[in-house]
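# Structure assessment
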Amino acid sequence: MQETKDLNVSATEPDWSREAVRQFWDPGQKLMRAIRRYQRAKSRGGVLGKLSAKRWALSHLFWSTVTQSEIHLNTQIEGGLRLTHPTGIIIHPDCIIGPNCMIFHQVTLAGAVTLGGHVDIGAGAKLLGPLKVGDHARIGANAVVTRDVEAGQTVVGIPARPIS
Ligand SMILES: CC(C)(COP(=O)(O)OP(=O)(O)OC[C@H]1O[C@@H](n2cnc3c(N)ncnc32)[C@H](O)[C@@H]1OP(=O)(O)O)[C@@H](O)C(=O)NCCC(=O)NCCS
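Rules used throughout
- Throughout, residues of each chain are indexed from 1 in the direction in which the sequence is written.
- Side-chain atom pairs in this predicted model are given and counted only at pLDDT of 80 or more, local residue features only at pLDDT of at least 70, and totals for whole chains, interfaces and linings cover all residues.
- All residues are tested the same way: a C-beta atom is placed from the backbone, and lying within 6 Å of a molecule or strand makes the residue near it.
- Under this grouping Gly is polar, as are all residues other than the nonpolar Ala, Val, Leu, Ile, Met, Phe, Trp, Tyr, Cys and Pro and the charged Asp, Glu, Lys and Arg.
- In this description a helix means any DSSP run of H or I spanning at least four residues, a strand means any run of E spanning at least two, and both kinds are numbered starting from the N terminus.
- Residues are called buried when their C-beta atom has 20 or more other C-beta atoms within 10 Å, exposed when it has 12 or fewer, and partly exposed otherwise; all C-beta atoms are positioned from the backbone.
- This entry defines residue contacts through backbone-placed C-beta atoms, with two residues in contact when those atoms are within 7 Å.
- What a helix is expected to span follows from its residue count: subtract one and scale by 1.5 Å.
- Two strands make a pair as long as DSSP finds a minimum of two bridges between them.

Here we take up the site of the ligand. If you check the shell around the ligand, you find 13 residues, and the closest are Gly 122, Ala 123, Gly 140, Ala 141 and Val 156. Class assignment for the residues of the shell around the ligand results in six nonpolar, six polar and one charged.

With that settled, the discussion passes to the environment of Gly 111. Mapped onto the elements, Gly 111 comes out in the loop between β7 (108–110) and β8 (113–115). Overall, the presence of 13 C-beta atoms within 10 Å leaves Gly 111 in the partly exposed class. The spacing of Gly 111 and Ile 91 is 20 residues in sequence and 8.3 Å in space, taken between C-alpha atoms. Each residue touching Gly 111, except ones within four places of it in the same chain, is listed here: His 92, Asp 94, Leu 128, Gly 129 and Pro 130.

Glancing now at helix α1 (residues 27–44). An ideal rise of 1.5 Å per residue puts 26 Å on 18 residues; α1 measures up with 26 Å between its terminal C-alpha atoms. Among the residues of α1, those classed as buried are Gly 28, Gln 29, Lys 30, Leu 31, Met 32, Ala 34, Ile 35, Tyr 38 and Ala 41. Those residues of α1 that are buried lie in contact with α2 (46–67), β1 (70–71), β2 (76–77) and β3 (82–83). Backbone geometry just after α1 places Gly 45 at a positive phi near 70°.

In this section: the sheet that holds strand β9 (residues 120–121). Read across the sheet, six strands follow the order β3-β6-β9-β12-β14-β15 without closing on themselves; strand pairing throughout is mixed. One side of each edge strand has no neighbouring strand; the edge strands of this open sheet are β3 and β15 (161–163). In this structure, strand β12 (residues 138–139) lies alongside strand β14 (residues 154–156), joined through two bridges in parallel fashion. Its bridge partner being in β14, Ile 139 is matched across the sheet by Val 155.

Treat this as a map of the structure, not an account of what it does.
Set out below in structure tokens:
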């Protein structure tokens, strides 16, 4: 997670380029695009909004199946979420995700997990809410997080503990 040491990544200002679809086969970005467009269509309302929401719900179903991931259409996710190697990512609908986070494969956010800005979560980590993770925190691969993580902290292991 080289990027995680880069404090130039903002914890408050969404960097939408992180979600930009760059090629036809871009499952993570396409899954996120479906969620963004669905939420936009829903908030627009009206007949066109409803039709558009249905179209993007279908797209969401397709990319969720491709990635074997469950990210609910109404989950509150700030801009700039990067799904690197998007497979097996499970995010409970009660989760709130701050700007510019990064989630690797096989990550589970169970229950009401609140991520701050620029939180990076390594492959296979499980976060068992309710809990909060502060800005710029890093969660190690395969960690099981059972309590709050402070801003800037890196936690590893089962149960997850901070490393310096
Ligand atoms: C947690 C992480 C961000 C820490 O990186 P770092 O700051 O460079 O830390 P270091 O590699 O110097 O390790 C510090 C200590 O934590 C331990 N550690 C690091 N990651 C660990 C992990 N996931 N689980 C258990 N211990 C871990 C190291 O063994 C080391 O212990 P030591 O001090 O007793 O030798 C990183 O190890 C990590 O897990 N990244 C996830 C990467 C990932 O999922 N990549 C997927 C690519 S496909």
